[in-house]
Structure formats: structure tokens, C-alpha cells
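# Commentary on secondary and tertiary structure
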Amino acid sequence: MEWPIFAAVPYLFFVRYPFEIMYDICLKNDAGKRWTRFPDGGAVKGFVYASQAGVLEGAALYERLQRCYDREALYEFLHAADGNFSAVVRSGGRLVLVADRMRTYPLLYAVRDGAVTVTDVGMPESFRTGPAGCATVKNSPPPRGLDEDAAYELLAAGYLSGDATLLAGVKSVAAGTCVVLEHGEAAAFTYAEYASACKLTDFDAVKRRAAEVLEEGFGRMLGTIAGRPVLLPLSSGYDSRLIACLCRKFGLRDVVCFTYGRRDSFEVEVSRQVAERLGYEWHYVEYTSETWRRFLESPAFDDYCAFSGNLTANPHFQDFPAVMELRRRGVLREGMVVLPGHVGDMGGGWLPRTLFDDPAARWDGAAASRLVYDAFYDQNVPTASRRARLLERLERSFRGREYPSADALLDDYITWVFRVRGANFLVNAVRVYEYWGLDWRLPLCEMHYKLLWYSVPWKTKIGSKLYDEFLFQYYFEPFDVPFRKPVPVPPGGALRRAVKSLCPSFALRCVRRVRGFVRRLRPAAHFNAFDDVVRILKRKVPPPSRFPGIRRMNASGGHMINAVVARYYLELVRRSIDGERG
């Protein structure tokens, strides 16, 4: 199956420059938003909100980047810029690659033996003969093998950190990073800040300012849409509901909402009521075992995985069956723009609560890497030796730092979460919309809005209380959509503590292992039918012996789907390396 609508002619630029550097630039992804290409081989995609020049895109953005003659000028311009963009810029003898703060349009590159390959759709064949559809360049770097450490990071977390990819010798332009390729060497620097040393304590003022900054950014974003129809993925959660309220506040009428999942899902009824009260058209797509079977066993699944993983993360396909069904129903229209609520929760809630409990805790880079590992590296549980290698890999991200306080440590922790988990994993969900030819925006990723919430002390935000107060006070109550999310009853309490105190530790370990074994045999029903996804994909992934550094799959909550998808995608990449992909 060919990628629907993803049928633009790929672009190859091959030229010699001084020092015998061979540049092979093949940008294929013109779905949703097209690259603007230039005669010198450079290209830009997306737009930048510049403080004085307004919105820059196309030739204006490319020329502005070309005028940045050195690293200082690049840093000064990009540090103040916001928006969704990616750039490949020819400037003198240099090639400059730029990713925005959330890496919304990925770029991959490889440098070897006097040749540089740059692409935006990552599979191993991209670095063998150029991306599918591009002419073969005989001087391109030879095929890369699998990076074993990266493979185990994908298995553990579902995505990679830093600029790593699954191929040895191939790198990704990380979020908020600029890579300068010159004289056959690559030098990368980070221009984006994700945390603030200034901590605000007047919380009423914070909420007022948050509303002002959010609405200023939303207004700017609407200027780039220019009256086109909006498609809004509307769940029962707060982020998508906030975007729906903003659409209503700004007077948008041509808005279509949709949700999906099992018919008895709590998401469905809340989504329907929010759309109804705001006066927006609403569509529901039911997810069943048959829905997932048709997709996962079709050629479209591997096709989409190859398109969306970019050698850095699990392919995110949660929305795929819903968008495919909306297309079949004729709901999708020419020029439609999707407004998902990705990475919207700046108020905490998923922060490590225990950090503030121990006043004698050591606050250093090792502690930060352990916090990251314990929070996110639990999809496929690695062996002790693999765990040590993963922790060592994470510690390099924090450069052996010492922190004066828990707040300072959390600044770095949250920076990692947004630059890595947010950019490489969560935001990568927009690939679904691109696959079906839809443009998109990320209203809640606006730079100043994020930085404002970063300026609130982290301890204050644990549990998202302040953030939730802001949402209900300024948007949900005024627009009559004050539905609360279901509050899960935490396991434990006094009874669990009493049982743990009476039972030997070895007995408790046995109980946990039996419970995990039962969960792996038959995962609990999920409101998006992810248990069916796990059941279907488990039949298609290699046996556990293929991954000797993994002890088991995590069978709790939503972890198992990411665990099994990581195994499936890794096998797809392995087959591509071996030349087996059809």
C-alpha cells in the first residue's frame, strides 16, 4: 500500500562543495505540510514566530537563517524564536540543520568518509541508497548496523534520548538543537531553554498571566491557519478540552470534534457532552478487537511504522483507525488543520513526589538519571547489566551535575522530559495526521506559556492542583464544561501496609510475580482496546530469546502496549537492515 496522499515527488540534491564534501539531501515527507525548497539544495518547513518580524516561513525564513553567519547569530535568532519548523540551510561552505523546541519535523543525518546524508523519513535503506524514491548516490555512506545500546533503550522506554537513532553512525537533530556541518564534521548546540531560575509564588497572578499568554499564542497560531476548518481530537482529558474552549472563545465555528474507544469508555460520554455544550460537530469511532485486527494485519501498518518511527521512537498509531474511518465517512476536508493537545499539562501530576520527602537526599546528576529511569524505563524490564548500561547512558545527559535544591534538580528533570519524552515520543503522534495528508498545530506547546509554568515551584504543582484550578476557573466553568476526570483509587492504603508488614518479603515477591504472569497472559480490558492490540502483536513479535538483555515485559497499566510495539518496530528495523523489507 502506498502512503495515502503522501505522494509528493521526493527531492534529491547532490553537489560538491569545498573540501570534497558530498551532500546527499533527500527530503521526502511533504504530507500535511510541504517543504519549501531552494536552488542551493536547502529547504525549510513550517513557520517561526519572530519577535519583531512576525511570522516567518518559506523564503523569508530561509533568508533569515542564511543571514546568521556564525553560531552566536544562530543562537540569538533561534533562542527567541517559537513555532513549528525544521530547516536545512546552505550558508557558505556549511550545511546547517535546525529542529524546533519540540522536534516537530524530524531530521536525520550521517557523516562518513567525506559524505553527508540528510533525510526526514528514517529507515535503514535511507542510508543505503537514499530514501525510497530517491536516486541512488554511490558516494552515500554504506549501510549501518543496529546500535545495540539504542535498541535496548527503545525496548525499555519506547523512545531514544539525545540525538541517538537505532542505526550506528546515524544521528537525529534533537529538540531545540542546531547542527552545523562543516569540513566533514558535525557540531551541535542547544539553543532552547526549558526551565526558569525565577520561581513565582503569587499563584493568582500566575493564573491570570497564564490565560493572557495562552490566548496571545493561540491568536498567533490562528493567524497561520487563516480560517481553515479545524479537526479536534477530543478526549475526556483536560488538554483537548482546553483547546475546544479556546476555539469557542475565539469564535471558531468550523470545528469538528472526534473521539474513539470502546463503546463503554468514560472518554466517549465526556467528549460528547463537551462538544455538545460548545456547539461543535462530534463524531465517535468505536474501537473493537476487529477494528485493530483489520489495521494491524494490513500492509498499511508496516507502511505507517516505517513512515512514523524515524528510528527514534515507537510508531504512535492510537488515532490511526479513527482518522482512517473519518476519511471513509467524508469528514476530512481539504485544508483541514488538526489541533491536538499534546504536551499540554505543565502543572505537574507526574512529578516524582518522593523527591521532597527526604531532606538528606543527594541531588546530583546520578539522582536525576535514576528519577528518569524509574519513571519511564519500565516497558520491557532489562537485566541488571542492561539496566546499568542504560543508567550510564542517561547520566551522560546530566553531565555529573550537582544541584543546590530539589527544585534545581527538577528543572533538569523536566527539561529532559520535554526534550526527549515529549519531543521524541508524544509529539511524534502527529505523524498519523501527516500520513493522511492533514496539517496540524500544537497550541499548548507555545514557548512563553510553557516557560511561565516552569517558573512555578515544582513542589507547589505536584498533583496538578494549581494547573487544574487554572483550567476550571478560566475555561471549563465559564464554558459550562466542568467535568472532572475519573480519579483512580490508588492501590494500597492501611490494609495493604498491614499485609506487607505481616508477610515475609519473599512471599510478597511471589505474589507480584504470579500477578504479573496472569496479566501477561490476559491483559485487562483497556478503554481504547489496547489489550486487543497487545494480543494481536504478541503473535507477530520475535520470541523473548531474540532480546537476551530483557527479563520480561511490564504487564501493568498501559505499559504492555508500548513494550510489544517496541519489539515489533525493532524487528521491522532489523528486517530492513537485512534487506528483507518488502
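These numbers come from a predicted model, not from an experiment. (Residues numbered from 1 in each chain as written. Predicted model: local features only at pLDDT ≥ 70, side-chain atom pairs only at ≥ 80, totals over all residues. Heavy atoms only, no water.)

### Things to note about the overall build of the protein chain
Looking only at helices and strands, the protein chain has 20 helices and 19 strands in total. Counting over 582 residues, the protein chain shows a buried share of 58%. For the protein chain, the proportion of contacts with a sequence separation of at least 24, taken over those separated by at least 6, is 74%. Of the roughly 24100 Å² that the protein chain leaves accessible, carbon and sulfur atoms contribute 52%. (Helix = DSSP H or I, 4+ residues; strand = E, 2+ residues; numbered from the N terminus. Buried < 20%, exposed > 50% of the residue type's maximum accessible area, 1.4 Å probe, protein only. Contact = heavy atoms within 4.5 Å. Areas by Shrake-Rupley, 256 points an atom, 1.4 Å probe, with all protein chains shown as cover.)

### Some words on helix α1 (residues 58–66)
For α1, the complete set of buried residues consists of Gly-58, Leu-61, Tyr-62 and Leu-65. Take α1 and look down its axis: the buried residues cluster within an arc of 100 degrees, on one side only. As for α1, its buried residues are in contact with β3 (36–37), β4 (43–50), β5 (54–57), α2 (71–80) and β6 (82–91). (Arc of directions from axis to C-beta.)

### What about the environment of Val-268?
Looking at where Val-268 falls in the secondary structure, it is placed in helix α6 (residues 266–278). Residue Val-268 is classed as buried on the basis of its relative accessible area, which comes to 9%. Distance in space between the C-alpha atoms of Val-268 and Phe-258 is 9.3 Å, their sequence separation being 10 residues.

### Topic: the pairing of strand β8 (residues 108–112)
Where β8 and strand β9 (residues 115–119) come together, 5 bridges link them in antiparallel fashion. Within β9, the residue paired with Arg-112 across the bridge is Ala-115. A loop of 2 residues connects β8 with β9, the two strands running antiparallel in sequence, and Asp-113 in this loop sits at a positive phi of about 55 degrees. Here 3 bridges tie β8 to strand β10 (residues 170–172), and the two strands are oriented antiparallel to one another. From the neighbouring strand, Leu-108 faces β10, where its bridge partner is Ser-172. (Pairing = 2+ DSSP bridges.)

### Describing the packing of aromatic side chains
Using the criterion set out here, one finds 39 aromatic pairs in the structure. With a centroid separation of 5.4 Å and 80 degrees between ring planes, the pair formed by Tyr-304 and Tyr-435 is classed as edge-to-face. Taken together, the positions of Tyr-304 in helix α8 (residues 299–308) and Tyr-435 in helix α13 (residues 431–435) put the pair 131 residues apart, joining distant regions of the chain. By the burial criterion, Tyr-304 is buried, and Tyr-435 matches it. A ring pair is formed by Tyr-467 and Phe-470, whose centres lie 6.3 Å apart and whose planes are at 40 degrees; its orientation type is tilted. With Tyr-467 and Phe-470 both in helix α16 (residues 465–476) and 3 residues apart, the pair spans about one turn of that helix. Exposure remark for Tyr-467: the relative accessible area of 2% places this residue in the buried category. In this structure, Arg-241 is placed above the aromatic ring of Phe-476, and the distance from its NZ or CZ to the ring centre is 4.8 Å. (Phe/Tyr/Trp six-rings, centres within 6.5 Å; stacked < 30°, edge-to-face > 60°. Lys NZ or Arg CZ within 6 Å of the ring centre and 35° of its normal.)

### Overview of the confidence of the model for the protein chain
For the protein chain, per-residue confidence averages 84 on the pLDDT scale, and 82% of positions sit at 70 or higher. Scored below 50 in pLDDT, residues 1–19 shows 62 contacts in the model against residues more than four places distant or in partner chains. With pLDDT under 50 throughout, residues 129–143 is counted as low confidence; its partners more than four residues away or in other chains account for 31 contacts. (pLDDT = per-residue confidence, 0-100.)

### Things to note about the nonpolar core
Counting residues in hydrophobic clusters, the biggest one holds 128 residues, and the most contacted among them are Trp-292, Phe-317, Tyr-377 and Trp-416. For Phe-317, the residues in contact, after removing those within four places along its chain, are Trp-292, Phe-295, Leu-296, Phe-301, Tyr-304, Val-432, Val-533, Leu-537 and Val-565. (Core = buried A, V, L, I, M, F, W, Y, C linked by side-chain atoms within 4.5 Å.)

### Here's the deal with the sheet that holds strand β15 (residues 281–286)
Taken in spatial order, the 5 strands make up an open sheet running β15-β14-β13-β16-β18, and their pairing is parallel. Two strands bound the open sheet, and with one partner strand each, they are β15 and β18 (439–440).

### A look at the pattern of salt bridges
Counted by the stated rule, this structure contains 36 salt bridges. Between Glu-286 and Arg-263 there is a salt bridge, with its nearest N and O atoms 3.0 Å apart. With Glu-286 in strand β15 and Arg-263 in the loop between β14 (255–261) and α6, this pair connects stretches of sequence that are 23 residues apart. A salt bridge links Arg-539 to Glu-297, with the nearest nitrogen and oxygen atoms 3.5 Å apart. Of this pair, Arg-539 sits in the loop between α19 (530–538) and β19 (550–553) while Glu-297 sits in the loop between α7 (289–296) and α8; the two residues are 242 residues apart in sequence, bridging distant segments of the chain. Overall, the relative accessible area of 54% leaves Arg-539 in the exposed class. One continuous salt-bridge network, built from bridges that share partners, spans Glu-290, Arg-293, Arg-294, Glu-297 and Arg-539. (Salt bridge = Lys/Arg side-chain N within 4 Å of Asp/Glu carboxyl O.)

### Overview of the packing of helix α4 (residues 203–225) against helix α5 (residues 238–249)
Viewed as axis vectors pointing N to C, α4 and α5 meet at an angle of 70 degrees, and their least axial separation amounts to 11 Å. Judged by the angle between their axes, α4 and α5 are roughly perpendicular. The segment α4 lies against α5, with Leu-214, Glu-215 and Phe-218 engaging Leu-242, Ile-243, Leu-246, Cys-247 and Lys-249. Across the contact of α4 with α5, the residue classes break down as 6 nonpolar, no polar and 2 charged. (Axes fitted to C-alpha atoms, helices over the stretch in contact; angles between N-to-C directions. Parallel < 35°, antiparallel > 145°, perpendicular 65-115°, else oblique. Nonpolar A, V, L, I, M, F, W, Y, C, P; charged D, E, K, R; others polar.)

### Thoughts on helix α3 (residues 148–157)
Counted residue by residue, α3 has 8 buried out of 10 residues, so it is predominantly covered. Among all positions in α3, only Ala-150, Ala-151, Tyr-152, Glu-153, Leu-154, Leu-155, Ala-156 and Ala-157 are buried. The backbone nitrogen of Asp-149 lies 3.1 Å from a side-chain oxygen of the residue at the head of α3, namely Asp-147. Looking at the residues trailing α3, positive phi occurs at Gly-158, about 95 degrees. (Polar contact = N/O pair within 3.5 Å; in protein donor to acceptor, adjacent residues only side chain to side chain.)

### Section: the state of the cysteines
In a disulfide, the sulfur atoms of two cysteines are covalently bonded to one another. Scanning the model with the defined rule gives 0 disulfides in all. Here Cys-68 is not disulfide-linked; the sulfur of Cys-178 is the nearest cysteine sulfur, at 8.7 Å. Note on Cys-68: relative accessible area 1%, which makes it buried. By relative accessible area, which is 0% here, Cys-178 ends up buried. (Disulfide = S-S within 2.5 Å.)

### Focus on the environment of Pro-229
Here Pro-229 shows up in the loop between α4 and β13 (230–233). For Pro-229, a relative accessible area of 10% gives the class buried. As a C-alpha pair, Pro-229 and Val-337 span 108 residues in sequence and 6.3 Å in three-dimensional space. With near-sequence residues (within four places) excluded, Pro-229 lies in contact with Asp-254, Arg-333, Glu-334, Gly-335, Met-336 and Val-337.

### Considerations on the packing of helix α11 (residues 384–398) against helix α12 (residues 406–426)
α12 packs onto α11 with a crossing angle of 110 degrees between their chain directions and a minimal axis gap of 11 Å. Considered as vectors, α11 and α12 are oriented roughly perpendicular to each other. Remark: the crossing between α11 and α12 carries right-handed chirality. Along its contact with α11, which presents Leu-394, Ser-397 and Phe-398, the element α12 presents Asp-412, Tyr-413 and Trp-416. Tallied by class, residues from the contact of α11 with α12 come to 4 nonpolar, 1 polar and 1 charged. (Left-handed = near helix turned anticlockwise from the far one by under 90°.)

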